[in-house]
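Now for the letters of each chain:
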Amino acid sequence: MKLVHFTLVLVCVSFGVSRLPVTSGSVPRDLVDEKCLAEKHTHLSCNKVFCQPWQKCIGGTCICKLPYQCPKNGTAMCSTNGRTFSTYCQLKSFECLHPEARFLSSGPCTGKEFRVSLQHKGRDSEGHVQVKLVELEESMYICQDGWSLTQANVACRDLGYPLGAAQTLDTSSFPANSTECLHVSCRGIETSLAECTFTQRKPNAQGFAGVACYTDDTSAPAKGSFQCVNGKHISRRKACDGVNDCGDQSDELCCTGCQDNSFHCKSGICIPRQYRCNGELDCITGDDEADCDGEARPCQEKPDFLTPDMDAERQRIKSFLPTLSCGVKQSSPSRRKRVVGGSPAHKGDFPWQVAIRYGDSITCGGTYIGGCWILTAAHCVKVNKAHQYIVLASLIDWLKPNSELSVRYVNKVIIHENYNGTTYQNDIALIELKKPSKHKDCQMPETVPACIPWSPYLFQPNHKCIISGWGREKDNERVFSLKWGQVNLIHNCSNFYQRRYHEKEMVCAGTQDGSIDACKGDSGGPLVCQDVNNVTYLWGIVSWGENCGKPEFPGVYTKVANYFDWISQHVGRSLISQHNV
Ligand code: ARG
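All residue numbers here refer to positions counted from 1 along the written sequence of the relevant chain. Thresholds applied to this predicted model are a pLDDT of at least 70 for local features of residues and 80 or more for the giving and counting of side-chain atom pairs; totals over whole chains, interfaces and linings are not thresholded and use all residues. In computing side-chain properties, one takes all heavy atoms of the structure into account and sets aside hydrogens as well as water.

(A) Geometry of the environment of C228. Here a helix means four or more residues in a row that DSSP labels H or I, a strand means two or more in a row labelled E, and each is numbered from the N terminus. Mapped onto the elements of the fold, C228 is located in the loop between β14 (225–227) and β15 (233–235). Per-residue accessibility, obtained with a 1.4 Å probe over protein chains only, is compared with the maximum for each type, and a residue is labelled buried under 20%, exposed over 50%, and partly exposed between these values. Under the relative-accessibility criterion, C228 is labelled buried at 3%. The contact partners of C228, leaving out residues within four places of it in the chain, are I234, C246, D248 and S250. Whether two residues touch is decided by their heavy atoms; if any such pair falls within 4.5 Å, the residues are in contact.

Shown next as structure tokens:
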């Protein structure tokens, strides 16, 4: 690590939540990130959002689980094809594979009917919504209060309009003689109104809910139209407001900020403000559930639902999914008042850091990621030299080896098949450790795996991250003890390296004055970043850079998130998947 004197660099960090009053008169700042829109994200983009518990994330897309891959806990559920499933997750995964079989009711099938219809005067696709619940004998209207595009989208999908609702209708003129109506609340992802929760109410002044479903001849808003990934057109004013107007969430996934009443996740998405501090993780970056102590948790009184709360069931299933332990130090060592870069590391500070020894010297760093696996740079290792490497964990100073030190031999080296030694593209390799004995696993005392990021949206430019290693000092001086320094993730690195920098595969990090940088010998070692909950992710692998510590040439790292699937193919999905399993 090249360490010159340390100067404090102030970086302006803008806070995620932006409050912008949106009035029809003034044009709000455009919150949509066009470059991101081109990537066509939807509710199935697991780089942006979590998959449903009946889905898993493969290659950046949520795909259906097979029913047997669901947690076993739960109660029986009935689907519209008359089949009883033993859990909600199993029913939903079956539905995901066979969309004609939808949710009908909780409990085993009884033969009772659920029906949604529109009472219309004009077009077939418009009217007042009537539902006949399994739990009730007759059809009822839906109350206007609480009726929004979120529920309207579900109603229209249920009625066979795949793009959902164009708009909710004003129903003041409707002279219904009903004395009661049903209040409905949906999350917005349901495929049938039967999955939403209903309560019975007296209609208030607002009357009954109406909807115009979105059809082929629904015209796009005259000016300022936003095209959803599913093809629906909505008003541009409805993008980035936390409401899933599109139905596929594509209007909320590429946002540089959010309108009033919605929360901006660091990953660039807008979620309803009610999701903040509600006990469920909604932002992949975890920021909706961070710093909740001060936040008054709205003490929600559960009304008397007529129907079971399937949203609560969905959350319950999530709690049965396997969890992974990574990126959390066993004990947090000596608290520092200020973070100062370029410091000597202490025992336990970097429990995932390993050293790779070849012959008499430490040639590279590496990172423990769980099981028997170390991640390093491809340029650090050769497949046919596997048995000549030694991996050292919990090492601080290699002149004065500490007692916690673990020494492991190498079973095999896997180099990325597209590694290019000239351009340093795909500079990533896996080292499989030999088990210390036949019946033991590879677990090394005092060693903790770093988490593998599954999405390139987990950390943004200017985030402060940490590099560590036994690499050379500024004057090429040898270093015997582990050093670390704080660096910023750098945006637009092609400004520095032009065509040598490949945005998708590489990430740059450094300080404004270049005082902290990786250097010869640090290669293969970690660039780690901590999320809002202090979980540590391996964001980059020390790969290359022009000289060391030149402000005009920051360090370049292999972008680990881009290789999540490659890593999981070799080490197994369950070893590194924290979510979407
Ligand atoms: N390739 C170097 C190594 O083998 C790492 C260089 C990193 N350089 C830099 N300026 N960040 O150790």
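(B) Structural context of the state of the cysteines. Disulfides are defined in this document as cysteine sulfur pairs within 2.5 Å. Applying the stated criterion across every chain yields a total of 20 disulfides. Paired through a disulfide, C186 and C196 show a sulfur-sulfur distance of 2.1 Å. As the torsion about the S-S bond is roughly 105°, the C186-C196 disulfide counts as right-handed. Placement of the pair is C186 in the loop between β11 (181–185) and β12 (197–201) and C196 in the loop between β11 and β12, with a sequence separation of 10 residues. By the burial criterion, C186 is buried, and C196 matches it. Note on cysteine connectivity: C493 is disulfide-linked to C508, with sulfurs 1.9 Å apart. Judged by the sign of its S-S torsion, about -85°, the cystine formed by C493 and C508 is left-handed. Of this pair, C493 sits in the loop between β26 (483–490) and α5 (494–497) while C508 sits in strand β27 (residues 506–510), and the two are 15 residues apart along the sequence. When its relative accessible area of 0% is taken as the criterion, C508 is described as buried.

(C) Up close: unusual backbone geometry. Look at N261: it is not a glycine, yet its phi comes out positive at around 70°. Of note, N261 is situated in the loop between β15 and β16 (262–265). Take N261: its relative accessible area is 56%, and that puts it in the exposed class. Phi at N534 takes a positive value of approximately 65°, unusual for a residue other than glycine.

(D) Molecular detail of the pairing of strand β19 (residues 353–358). Two elements, β19 and strand β20 (residues 361–370), share six bridges in a ladder whose sense is antiparallel. The residue bridging I356 from the neighbouring strand is C364, located in β20. Strand pairing is assigned whenever DSSP identifies at least 2 bridges connecting the two strands. Connecting β19 to the antiparallel partner β20 that follows it, the hairpin turn spans two residues, and G359 within it adopts a positive phi of roughly 65°. The sheet contact formed by β19 and strand β22 (residues 389–393) spans five bridges and is antiparallel. Directly across from R357, in β22, lies its bridge partner I390.

(E) Expanded view of the site of the ligand. Put simply, a residue is near a molecule or strand once any heavy atom of it comes within 4 Å of that molecule or strand. Around the ligand sit 15 residues, and of these D517, A518, G521, S523 and N547 come closest. As used in this structure description, the phrase polar contact means that two N or O atoms lie within 3.5 Å; if the pair is within protein, one of them must be able to donate a hydrogen and the other to accept it, and residues adjacent in sequence are counted only when both atoms belong to side chains. The separation between an oxygen atom of the ligand and a polar side-chain atom of H379 is 3.1 Å. Take D517: an N or O atom from its side chain is 2.9 Å from a nitrogen atom of the ligand. Using a 1.4 Å probe, the Shrake-Rupley method yields the accessible areas, and only the shown protein chains count as cover for residues. For the ligand, the accessible surface in isolation is 350 Å², of which the surrounding protein chains cover 87%. Here the element with the most residues in the shell around the ligand is strand β30 (residues 536–544); it accounts for three residues. Charged residues are taken to be Asp, Glu, Lys and Arg, nonpolar residues to be Ala, Val, Leu, Ile, Met, Phe, Trp, Tyr, Cys and Pro, and polar residues to be all remaining types, Gly included. Across the shell around the ligand, the residue classes break down as five nonpolar, seven polar and three charged.

(F) Structural detail: the sheet that holds strand β23 (residues 406–415). Spatially, the six strands close up into a barrel ordered β19-β20-β21-β24-β23-β22, and their pairing is antiparallel. The sheet shows a mean angle of 40° between the axes of neighbouring strands, taken without regard to direction. Here helix α6 (residues 564–571) sits on the sheet in contact with β20, β21 (373–376), β23 and β24 (429–433), set at roughly 25° to β24. Only the contacting stretch of a helix is used when fitting its axis, a line to C-alpha atoms as for every element, and angles between N-to-C directions run 0 to 180 degrees.

(G) View of the nonpolar core. Each nonpolar core is a collection of buried residues, namely Ala, Val, Leu, Ile, Met, Phe, Trp, Tyr and Cys, held together in the definition by side-chain atoms within 4.5 Å. Core analysis: the largest hydrophobic core is formed by 77 residues, its most contacted members being I369, L375, L527 and I567. Beyond its immediate stretch of four places on either side in the chain, I567 contacts I369, L375, I428, L430, I452, V560, G572 and I576. Counting residues in hydrophobic clusters, the runner-up holds 42 residues, among them V129, V131, L182 and C186.

(H) Quick peek at α6. Along α6, the residues classified as buried are F564, W566, I567, S568 and V571. Residues of α6 that are buried sit in contact with β20, β21, β23, β24 and α7 (573–576). Two residues or fewer past α6, G572 is found with a positive phi of approximately 100°.

(I) View of helix α3 (residues 149–158). The buried fraction of α3 is high, at 10 of 10 residues. When α3 is considered as a whole, its buried residues turn out to be L149, T150, Q151, A152, N153, V154, A155, C156, R157 and D158. Its buried side turned inward, α3 meets β7 (115–119), β10 (165–169), β11 and β13 (210–213). The first or second residue beyond α3 is G160, which carries a positive phi of 100°.

(J) View of the pairing of β7. Across the two faces of β7 the burial differs, with V116 and L118 buried and R115, S117 and Q119 not buried at all. Summarising the sheet, β7 and strand β8 (residues 126–132) pair through five bridges and their orientation is antiparallel. Looking at the pairing, Q119 lines up with H128 of β8. Count of turn residues in the β7/β8 antiparallel hairpin: six residues.

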